[in-house]
Protein chains: 2
Amino acid sequence: MERSLLKHFIKSRGLRQSSQRDRVVETFLSQKGHTSAEELLIQVRKKDKRVGLTTVYRTLKLLTESGLAVERKFNRQVSTFEPARIGQHHDHLICLGCGKIMEFENKNIETLQEEVARKHTFFITHHVLELYGTCLDCSKKGAKKPKKK
Amino acid sequence: MERSLLKHFIKSRGLRQSSQRDRVVETFLSQKGHTSAEELLIQVRKKDKRVGLTTVYRTLKLLTESGLAVERKFNRQVSTFEPARIGQHHDHLICLGCGKIMEFENKNIETLQEEVARKHTFFITHHVLELYGTCLDCSKKGAKKPKKK
DNA sequence: CATTATAATGAAAATGATTTTCATTTTCAT
DNA sequence: ATGAAAATGAAAATCATTTTCATTATAATG
Ligand SMILES: [Mn+2]
Ligand SMILES: [Mn+2]
Ligand SMILES: [Zn+2]
Ligand SMILES: [Zn+2]
């Protein structure tokens, strides 16, 4: 279903199809969690050795522009991407101890955000809400080395 | 007043004082709004030509670690810093049209964030909340070129 | 004040993620 | 089948920030 969205997007842009891009898209959409370009390349290369990092970056940009991917830029300086669930939105809890990422939705917060915007005569297109701290496991075990990932 | 905080921090770290650092700190604290290292260097150099960018970066890091500065990393890939108002916290509305940044505080949102964390047995140390969109001016004038800054 | 260990400095090089370039290959409308 | 244009990937470029390193400045001590 999402695949057709991309096909449509490709066509509407006058782009062509290619096996490399197909492989990247396919691999990306099968991914769960948040994936960086480098990580995605590793997965893609398990299927096709000839795909380059540049193409992964280019495809990720295409996916993002077409609305099939959402880019996240948490703590670190690398971007990660996750498949977009249509009509859905969520925010994140990020553990600074182990790197674990949890997702949540909270309509009340979003409503309050709109209220804030209204007070400032501002029109929100999107927002970033990230809660950083310590997960249960890490608060038990005490200070731990952050997961590099 | 904040100055003494830094002095104390410097001493507790076994560091020495220097005129360059003093100048950077002084200039930074007099700044309003969100300032990048590069921008701060320009201001500092109006007073002292011999200060280097490296020292600005180092001082900004020191200020952040001592709690006198808060680092923000909005849309762009450059970090900006703002003087920390003691015991205060605020979040931002960022206009994608003109780059204008507005600040707000909303205790209700923060309370809901804590509630979310509690549900996940998570302990928040800090959070990022950024509302992106269009300000009143920009929504009037229609689509405009984003302020580079 | 002189000594001296070491912190501070800044120019230049390194880093690291992402983007750009460009010569070559592939796609697809005709 | 043909050709214009898109896609590719290796290598170079970008760009903010950090690291390196030779030199200078600071301040505790005698
Ligand atoms: Mn997510
Ligand atoms: Mn602010
Ligand atoms: Zn954890
Ligand atoms: Zn605006």
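Summarised in this report is the structure supplied together with it. Not measured: the values here are computed from a predicted model. (Residues numbered from 1 in each chain as written. Chains lettered and ligands numbered in written order. Predicted model: local features only at pLDDT ≥ 70, side-chain atom pairs only at ≥ 80, totals over all residues. Heavy atoms only, no water.)

1. Let's talk about the overall build of chain A
Each helix and strand in chain A was counted, giving 6 helices and 6 strands. Moving toward the C terminus, one meets the helices and strands of chain A in the order α-α-β-α-α-β-β-β-β-α-β-α. Overall, the C-alpha framework of chain A stretches about 45 × 45 × 25 Å when taken along its three principal axes. Looking at chain A as a whole, 39% of its 149 residues qualify as buried. For chain A, the proportion of contacts with a sequence separation of at least 24, taken over those separated by at least 6, is 52%. As displayed, chain A offers around 9200 Å² of accessible surface, 53% of which is attributable to carbon and sulfur atoms. (Helix = DSSP H or I, 4+ residues; strand = E, 2+ residues; numbered from the N terminus. Buried < 20%, exposed > 50% of the residue type's maximum accessible area, 1.4 Å probe, protein only. Contact = heavy atoms within 4.5 Å. Areas by Shrake-Rupley, 256 points an atom, 1.4 Å probe, with all protein chains shown as cover.)

2. Some thoughts on the coordination of the manganese ion (ligand 2)
All names here are of chain B. Looking at the metal site, the manganese ion (ligand 2) is ligated by His34 (NE2), Glu82 (OE), Glu82 (OE), His90 (NE2), His92 (NE2) and Glu103 (OE), spaced 2.1 to 2.4 Å from it. Each of the 6 donor atoms around the manganese ion (ligand 2) contributes to a set of angles spanning 55 to 177 degrees, which defines the coordination as irregular. When the donors of the manganese ion (ligand 2) are listed by position in the chain, the intervening gaps give H-x47-E-x7-H-x1-H-x10-E. Here Glu103 lies in strand β5 (residues 101–104) and Glu82 lies in strand β3 (residues 80–83), a separation of 21 residues in the sequence. (Donors = N, O, S within 2.8 Å, 3.2 Å for Na, K, Ca; no water. Tetrahedral: all angles 85-135°; square planar, octahedral: opposite > 155°, others 65-115°.)

3. Observations concerning the sheet that holds β3(B)
Hydrogen bonding along the main chain pairs the strands of a sheet, whether they run parallel or antiparallel. All names here are of chain B. Strand order in the open sheet formed by 3 strands is β1-β3-β2, and the pairing between neighbours is antiparallel. Single-partner strands in this sheet number two, and they are β1 (35–36) and β2 (69–72). In the sheet, β2 pairs with β3 via 4 bridges, with the strands oriented antiparallel. In the strand pairing of β3, Glu71 is matched with Phe81. (Pairing = 2+ DSSP bridges.)

4. Things to note about the protein's contact with DNA strand D
Around DNA strand D, the surrounding shell holds 20 residues, and the nearest of these are A:Arg16, A:Ser18, A:Arg50, A:Thr55 and A:Arg58. Protein-adjacent atoms of DNA strand D, using a 4 Å cutoff, are sugar or phosphate at a proportion of 64%. Within the side chain of A:Arg16, an N or O atom sits 2.4 Å from a base nitrogen of DNA strand D. One nitrogen or oxygen atom from the side chain of A:Thr55 is found 2.4 Å from a phosphate oxygen belonging to DNA strand D. Every element with two or more residues in the surface near DNA strand D is listed here: α2 (19–30) and α4 (53–66) of chain A together with α4 (53–65) of chain B. (Near = heavy atom within 4 Å. Polar contact = N/O pair within 3.5 Å; in protein donor to acceptor, adjacent residues only side chain to side chain.)

5. Topic: the nonpolar core
A:Phe122 and B:Phe122 are the most contacted members of the largest nonpolar core, which has 29 residues in total. When contributions to this core are tallied by element, the ones reaching two or more residues are β4 (91–95), β5 (101–104), α5 (107–119) and β6 (123–134) of chain A together with β4 (91–95), β5, α5 (107–119) and β6 (123–134) of chain B. (Core = buried A, V, L, I, M, F, W, Y, C linked by side-chain atoms within 4.5 Å.)

6. Some details on helix α3 (residues 37–45) of chain A
All names here are of chain A. Regarding α3, the residues found buried are Ala37, Leu40, Leu41 and Val44. End-on view of α3: buried residues confined to an arc of 105 degrees, all on one side of the axis. At its buried positions, α3 is contacted by α2, β1 (35–36) and α4. (Arc of directions from axis to C-beta.)

7. Some thoughts on the protein's contact with DNA strand C
Around DNA strand C, a shell composed of 20 residues is seen, among which B:Arg16, B:Ser18, B:Arg50, B:Thr55 and B:Arg58 lie nearest. A distance of 2.7 Å separates a phosphate oxygen of DNA strand C from a polar atom in the backbone of A:Ser79. Of all the secondary-structure elements, those providing two or more residues to the surface near DNA strand C are α4 of chain A together with α2 (19–30) and α4 of chain B.

Note that every value here comes from positions in space, so none of it alone points to a role or purpose.
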